[in-house]
Amino acid sequence: MPMKISSDMRRKLDLIRALSTAEQPSIHDLHRETKIPEPTIKRQLAAMRREFGMRILFVRDTGGERGATGYYMLMDWGIIDQDAFHRRYPEIVANAE
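Computed from a predicted model, the values in this text were never measured in an experiment.

Draft legend 1. Layout of the overall build of the protein chain. Per the secondary structure count, the protein chain includes 4 helices and 2 strands. Across the protein chain, helices and strands are ordered from the amino to the carboxyl terminus as α-α-α-β-β-α. For the protein chain, the proportion of its 97 residues judged to be buried stands at 33%. Residue pairs in contact within the protein chain that sit at least 24 positions apart in sequence constitute 51% of those at least 6 positions apart. Carbon and sulfur atoms provide 49% of the accessible area of the protein chain, an area that totals close to 6,400 Å².

The following block contains the structure:
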């Protein structure tokens, strides 16, 4: 039976996949990969940290100024099983549409 997921959860899953497969993704890279608006990406990343216990770091480019450019690193998957996620992601998103 197809799995039903909310658009909010779909965004989180798409972001997890993008974070785990792209090399040093910036907010612009995540937007390009997921088509999620940048302000929504920032909210979703905060929610994923809080709800899933994920450790997602933002590494600023040299200079370290607030609002500077940089990239994200997925350091800890929290409650998400990394191997199971990568096995099941294609099936989940295909059946959720």
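Draft legend 2. Structural detail: the nonpolar core. Among the nonpolar cores identified, the biggest contains 21 residues, and L19, M48, M54 and I56 are the most heavily contacted of them. Here the element with the most residues in this core is helix α1 (residues 7–21); it accounts for 5 residues. With residues up to four places along the chain from it excluded, the contact list for L19 reads P25, L30, L45, M48, I56, Y72 and L74.

Draft legend 3. Local environment of the confidence of the model for the protein chain. When pLDDT is averaged along the protein chain, the result is 89; 88% of the residues meet or exceed 70. For the protein chain, per-element mean pLDDT is lowest for helix α4 (residues 82–96), which scores 83, and highest for helix α3 (residues 38–52), which scores 97.

Draft legend 4. Quick look at the packing of aromatic side chains. Under the criterion given, the structure shown has 3 aromatic pairs. When the ring of W77 is compared with that of F85, the centres are 5.7 Å apart and the planes differ by 55°; the resulting orientation is tilted. The buried category is assigned to W77, whose relative accessible area is 10%. Of the residues examined, F85 reaches a relative accessible area of 8% and is grouped as buried. Ring centres 5.5 Å apart and planes at 40° place the aromatic pair F85 and Y89 in the tilted group. With F85 and Y89 both in helix α4 and 4 residues apart, this pair spans about one turn of that helix. The pair formed by F85 and Y89 is uniform in burial state, with each residue classed as buried.

Thresholds, definitions, all that
- Residues numbered from 1 in each chain as written.
- Predicted model: local features only at pLDDT ≥ 70, side-chain atom pairs only at ≥ 80, totals over all residues.
- Heavy atoms only, no water.
- Helix = DSSP H or I, 4+ residues; strand = E, 2+ residues; numbered from the N terminus.
- Buried < 20%, exposed > 50% of the residue type's maximum accessible area, 1.4 Å probe, protein only.
- Contact = heavy atoms within 4.5 Å.
- Areas by Shrake-Rupley, 256 points an atom, 1.4 Å probe, with all protein chains shown as cover.
- Core = buried A, V, L, I, M, F, W, Y, C linked by side-chain atoms within 4.5 Å.
- pLDDT = per-residue confidence, 0-100.
- Phe/Tyr/Trp six-rings, centres within 6.5 Å; stacked < 30°, edge-to-face > 60°.

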